[in-house]
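This is what each chain is made of:
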Amino acid sequence: MESRVLLKNRKPDRILDLAEYRASGGYSAAAEMLQTGRPADVQEALEAAGLLGRGGAAFSMGVKLSTVAEYAPFPRYMVCNADEMEPGTFKDRVLIHTSPHLLIEGMLLAAFSARAEHGIIFIRPEYENAARILEREVALAREQGLLGKNIFNSGFDFDIVVHRSGGRYICGEGTALLNALEGKRPNPRKPPPYPTVKGLWQLPTVVQNVETLCFVPHVVQNGAEWFRNLAAGPDEAGTKIYSVSGRVRRPGCYELPMGTALSEIIETHAGGMAGNGRFKACLPGGASTRYMPESMYHREMGYQSLSDAGFRLGTAAVMVFDHSACLVGATVNLLAFFARESCGWCTPCRDGLPYLHDLLRRIENGQGRAEFVPMLREMAGQMGLAYCAFAPGAAAPVESLITYFEDEVREHIKAGRCPFREAE
Amino acid sequence: MLPEQIRAELEIRIAEADHPQELAVDVMLAFQEAAGYLSERALETAAAMLKMHSLEIEEIATFYTFIYREPVGRNVIHVCDSVICWLDGSESLMDYICRKLGIAPGQTTADGKFTLLPACCLGYCDRSPAMMINRKVYGHLSRDRIDDILARFEREEPA
Amino acid sequence: MPKLIIDNLEIEVPEGTRVIEAAEKLGIYIPRFCFHHALGAVGACRVCAVKVLEGAVEGVQMSCMIDAQDGMKVSTTDPEAADFRRSVIEWLMLNHPHDCPVCDEGGHCLLQDLTVAGGHSIRRYEGGKRTYTDQYLGPLVQHEMNRCIQCYRCVRFYREYSGYNDLGVTGIAGRVYFGRLREGVLESPFAGNLIDICPTGVFTDKPSRYTGRRWDFERTPGVCIHCSLGCRTTVSARYRQVGRMEGRFSQRVNGDFICDRGRYGFYYADRPGRPRSGRISGQTVSVDQAVYEARDRLQRITEEHGPQAVGVIGSGRSSLQTQSAMVHLCRTTGWQGPVFRNTRITGAAADTAACALNPENAVSMRELETADAILAVGADPVNEAPVLALAMRQAQRAGAQITAIDPRPLEWPFDFEHLACRAEEIGEALASAAERLSDSRRPVVICGTEITDAGIVLQAADLVAGLRGSGKTAGLFCTLPQANSFGAALLDECNACAADLAARVEAGQIRALAVIESDLWHDFPDRPQLEKALEKLDLLVSVDFLDTPLFEKADIGIPSLTVFEAGGIYVNQEGRAQQVRPAHTGGLPITVTGAGDHPPRTFAPNVPGRDMPAAWVTAFCLAGQAPPETDAQMTAWMRYNFAVLSDLARMDADGVRLFAGGKTPIAHEATMPEKPEQCLELLLAAAVFGGEPMSDYSQCLRELAGLPAVWMDRADADRHGIAAGDRVGLGFENGEVSFVVRISDHMAPGVLVVYRHPDIDWQPRAGDTRYNIREDRIRRIEKA
Ligand SMILES: Cc1cc2nc3c(=O)[nH]c(=O)nc-3n(C[C@H](O)[C@H](O)[C@H](O)COP(=O)(O)O)c2cc1C
Ligand code: SF4
Ligand code: FES
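Chemist: What exactly am I supposed to notice about the site of ligand 2 here?
Modeler: Taken together, 13 residues lie near ligand 2, and Cys343, Trp345, Cys346, Cys349 and Cys388 of chain A sit nearest. Class assignment for the residues of the shell around ligand 2 results in eleven nonpolar, two polar and no charged.

Chemist: Help me understand the pattern of salt bridges in this model?
Modeler: Here the idea is simple: oppositely charged side chains can pair when their charged atoms come close. All names here are of chain B. Evaluation of the coordinates by the stated rule reveals 91 salt bridges over all chains. Where Glu40 meets Arg69, a salt bridge forms, and the shortest distance between an N and an O atom there is 2.7 Å. Of the two residues, Glu40 is situated in helix H3 (residues 40-50) and Arg69 in the loop between helix H4 (54-61) and strand E1 (75-80); the sequence distance between them amounts to 29 residues. The exposure class assigned to Glu40 is partly exposed, which follows from its relative accessible area of 37%.

Chemist: For this particular structure, what's the right way to read the interface of chain A and chain B?
Modeler: Often the size quoted for an interface is simply the accessible area lost on bringing the parts together. At the junction of the two partners, chain A supplies 50 residues and chain B supplies 36 residues. Taking both partners together, chain A and chain B bury about 3,500 Å²; carbon and sulfur atoms supply 58% of that area. Where chain A packs against chain B, one counts three salt bridges. Between Arg135 of chain B and Glu128 of chain A there is a salt bridge, and its shortest N-O distance comes to 4.0 Å. Along the contact surface separating chain A from chain B lie twelve residue pairs in polar contact (both at pLDDT 80 or more). In terms of residue count, helix H12 (residues 327-341) of chain A provides more of the side of chain A that touches chain B than any other element does, seven residues in total. The residue inventory of the side of chain A that touches chain B, partitioned by class, reads 23 nonpolar, 14 polar and 13 charged.

Chemist: I would appreciate a short explanation of the domain arrangement of chain A in the present structure.
Modeler: Residue and element names in this part refer to chain A. For chain A, the assigned domains are domain 1 (18-228), domain 2 (230-322) and domain 3 (327-415). Each of domain 1 and domain 3 was reduced to a C-alpha centroid, and the two centroids are 35 Å apart. Between domain 1 and domain 3, the residue contacts involve eleven residues of the former and ten residues of the latter. Surface buried jointly by domain 1 and domain 3 totals about 1,000 Å² across both partners, of which 66% is contributed by carbon and sulfur atoms. The tally of links from domain 1 across to domain 3 stands at one salt bridge. Between Glu341 and Arg168 there is a salt bridge, with its nearest N and O atoms 2.6 Å apart.

Rules used throughout
- Numbering of residues begins from 1 in every chain and follows the order in which that chain's sequence is written.
- To read the labels, note that chains go from A and ligands from 1, taken in the order they are written.
- Totals for whole chains, interfaces and linings use every residue, but because this is a predicted model, local features are given only for residues with pLDDT of at least 70 and side-chain atom pairs only at 80 or more, for both listing and counting.
- As a rule here, side-chain values come from all non-hydrogen atoms in the structure, and water together with hydrogens is ignored.
- Working definition: residue near molecule or strand if any one of its non-hydrogen atoms lies within 4 Å of it.
- Gly counts as polar in this scheme, as do all residues outside two lists: the nonpolar Ala, Val, Leu, Ile, Met, Phe, Trp, Tyr, Cys and Pro, and the charged Asp, Glu, Lys and Arg.
- Salt bridges are identified by distance alone: a Lys or Arg side-chain nitrogen within 4 Å of an Asp or Glu carboxyl oxygen.
- Secondary structure elements follow DSSP: runs of H or I no shorter than four residues count as helices, runs of E no shorter than two count as strands, and numbering proceeds from the N terminus.
- To sort residues, take the accessible area from a 1.4 Å probe on protein chains only and compare it with the maximum for the residue type: under 20% means buried, over 50% means exposed, and anything in between is partly exposed.
- Note on definitions: a residue-residue contact is assigned when non-hydrogen atoms from the two residues lie within 4.5 Å.
- A quick way to say it: buried area is the sum, across both parts, of accessible area lost when two parts are put together, with a 1.4 Å probe.
- Pairs of N or O atoms are called polar contacts if they sit within 3.5 Å, as long as, within protein, a hydrogen donor faces a hydrogen acceptor (for residues adjacent in sequence, only side-chain-to-side-chain pairs).
- By convention here, the domain bounds are inherited from an automatic or database domain assignment.

If you want it as structure tokens, here you go:
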């Protein structure tokens, strides 16, 4: 059963407009909190709820908010990360197209908690439609006094601007995003200081993913307990939007209890495997996560459950491969993406990824040699020592390919060609 | 170059901004909107408007995918080449478009109508394979659908 | 202070020391590309990996990014870390062109060293290499982007450290590019440091390209003599010729960097026209012959007309040896002088500055970097003492407020507030700006001596004394006209200037002049007076290593040695005496004797052209005395004969600070007269490239001097209907000089500024470094 929190108001092909959103109880959490609550209430509720960041890193939003020090300087920034460039991920787009005001209210509450007056939605240029929707709805919210000065007569000021990116995967990385916003080259920054201490323009800045923020009004309204109980298991909390794609019958976004089993996601919600396909593997949370092999087919897809098994849920972009798919080819494709998108700051990423790509591409083309395999394994491991989390993410598919599908790799080498391609 | 009104609006936003540099990408995109790409002159003008060194603009312009520093066709096609679209045959679709338009990726048709570029995952994996033309995404591509879509552009703008 | 263990060795380091630096203190060199102690750590290259065995963050870490912490245990040899470092180098070499045989960096290339040291010797990568197009970056720096390993040091130096922004990084991923927006001359006068800072051969020294490998050169520690800061250099000589100059680290003086004037100013030393034999009445003779002839004729004049009929002129570009030998020469013969400066006003300013310094108020450049407020008075570091601008920038980056009081259109690579006023208003402005330092704890007052006078210098010194009195660690930093002006101020005994001697020549009191390493023709402001004086002389003796016009005109010309051949002691503007050792044997370069043959084919026991004496030796000979035989004996002689130099005995690697200690500077009259109505005041000012006589001989620097220009305040220009780029004529008493106009919004109104330029012969017309131009004698010749 789909437990819909974020997507409960999803309309085919249109957004939930402001009136509808308010009618469904929207902005009441914010109104009440701003008028009667303390900033710490939001933070405490989120921490108790165990709301983990949905942008990939799964860091507790409540804990993050608690690192904005009481006496930290003003102005402070609340940044919504709508870059969503992780291959396979499209939940933020769906969320914005479903209920933009849920996001706006979430930002408002988060900003209240951090006492931030500037809100920025950083959005990838491919989402031009979403950007326009947000600009329009932000203006409407402002007209109704939901943004701007003295919101709900609480004395709290907060406004939002939409910032279009020029388009690069690395811009979604929280600190690179700050440089991008400042009009600098979007290389990541190395904490400390953390953005909540010195972020945008060296001022306290909270960066959260769209989906994370959309949960905020619900948690504030319904409480931590309720949120925790939404999950499928005791170690998880809330629901999760799974962006399912690849060899399934019904690719799409499914909001399910956190920790729903992979098999259930595929079979019950995504319509099962496409064609006559058999499940071979999936990337559970976008391009920068490890392949889950068939043995994991029934694993619960929650942050805790996957990390216990040595995997990462990432953005929960489940990319499904069947037995007709060449994982070597898929990984070559992923490496090409990462090599192209590297910001060029540190050596492992800038030069190591093209090397990995070259080796694997040779294998796929039938020019591979046995010694490439240990080289791939060693270098993939060494990507963990890059400057930011980009390169370790990029290495995850390669490393897991060698770990779980070494035979497939060696088959390429032995045959001198890709066994999945028709012999020419 | 930049239509007066747009320029005036930008000037106001720059004047009001705490940190005009935050608007660098917006300004570049505005110039690009007007001329198709960010020309040398536009680069200089953008730098002057933002009180930045033109090299600082170049540094970020050359970082981003969606800032074109060279002239492009009137319609820019970005074909997604990331993994799900690849799984669904984006490589052969790219080949198909290349043959159809008579250009290679990165090139512009002789009549200046289309520029063809690869793109990262467009965030439409649920409708793969996908491509984007002028910021509008087209999913579930097949050769027929590509024929249809491109024909629409041909119709809208007779040669 | 944290105590940690690196490779089983214990060391205690100050809080905040990075592990990579702590290791260095133990003599353990951890590989690095992006880390540079002056630029800091950014963690980009990842080659400094070590393994932290015990500590807060265990595992493989970048040693440049982690602070040394108490109880930390680090291994630099751990296989995991070593393997990773080897991989990093392999990755960096993927696209490298492997062109070491034709790369000037070869032999002192960090990439080469670490590639070998890291054990990457077999190429495994079979993919293609990406290639770049290089840019023309001007006459000094050669660009070879294919060799780049993306350590970002160049932009970090160029942008962050030195404050210029025409070099940057474009592109992304494996295609990042370090260069300019478009080809063109690098704007920073510190661009040459890119050569030193780049760990591989992307930026190499252009003028010396393909002339030698590092191991081919004799490398000698040197000190730059192109301004008064005395930055440390390393001189590379080969085949009896200086080939290349690099910055040399100094904890007290320049830090790591030098300016391009200092890096490329040495070409005077080996230019073909340099005097290398004696000259008597235009005839070439041996050096000895010229020296004896000069001695005899000066002797005769002394006998006939008395010792006061001979005058001796020196300068601040001579070594302390030469200066003291000259003083000794006058002491023993009774000749007039030596005088070391041209006019009383400029001489008194410099002298006063030197005498105002004492062990308490003197700050070194490195100390200045820690100032929290700086007030610069009549000083233009970028042009007068370039590396000072770098030091000021570091102070500003650390938060110092900087204020400048100056008429010129200052263009400094950092934020500062410019209080533009006319030169004669500087004193007043200084008085009212002094309160800007009241909130600071470590203020520094920088005072120039080119456009100021002794009164302002004293005022600045008083201000510092006052600040110190109120408990601040205030410092005084004066710039002086030449490399050894401070030495001249210490040694001067005659309270006179060249203008005084010229007047005595005109009055018939002086009949012979011995000019030793002075650029009178170039520097003496009143050319007509000088020419008249020279005309009247019975004898002009010129001793120099430059073929100055004066040397050409002299009755007797005696060549002398350059600093590269003779070495010497130079005292910089903070009173720091620094020893320079000779960089090569001297003599005619092999390019000359071998007529281009390589290697030279004739071998002879004596070096041709080696018979030239240092100027101080000549000075002794002119006095009819035997000079000390060795450099060491000469130093001992100086200490014995001059009380102010006795501390030279304590000279170590940092040099030794000498102070004038209560000496009275040269007396001076009242300051500049007020500017008359209907006039604009023309100021002649130093330029980083152009106007410094020695470096003007460097062809590569002349290319950078641009066109002779006059700067005008916008209001003044508008009044005259003159626009930027117009060509104007300025009418002097005796003739017009034409300039291209530059316009500034932030210079003093009523002032015209001309930066010295090798192509402007201003002395015949202006007669002084300040001149009042009647407004009706400003004429537009040509529109832009
Ligand atoms: C290479 C890289 C790309 C990222 N891209 C995104 C992104 O597109 N959207 C996003 O929300 N987070 C992205 N992240 C995660 C952010 O760094 C950050 O953790 C997140 O925005 C914080 O919000 P959350 O805690 O609500 O997830 C990315 C991280 C990395 C390392
Ligand atoms: S791993 Fe390094 S090069 Fe890659 S994106 Fe991060 S900082 Fe940039
Ligand atoms: S020296 Fe530490 S990362 Fe480059």
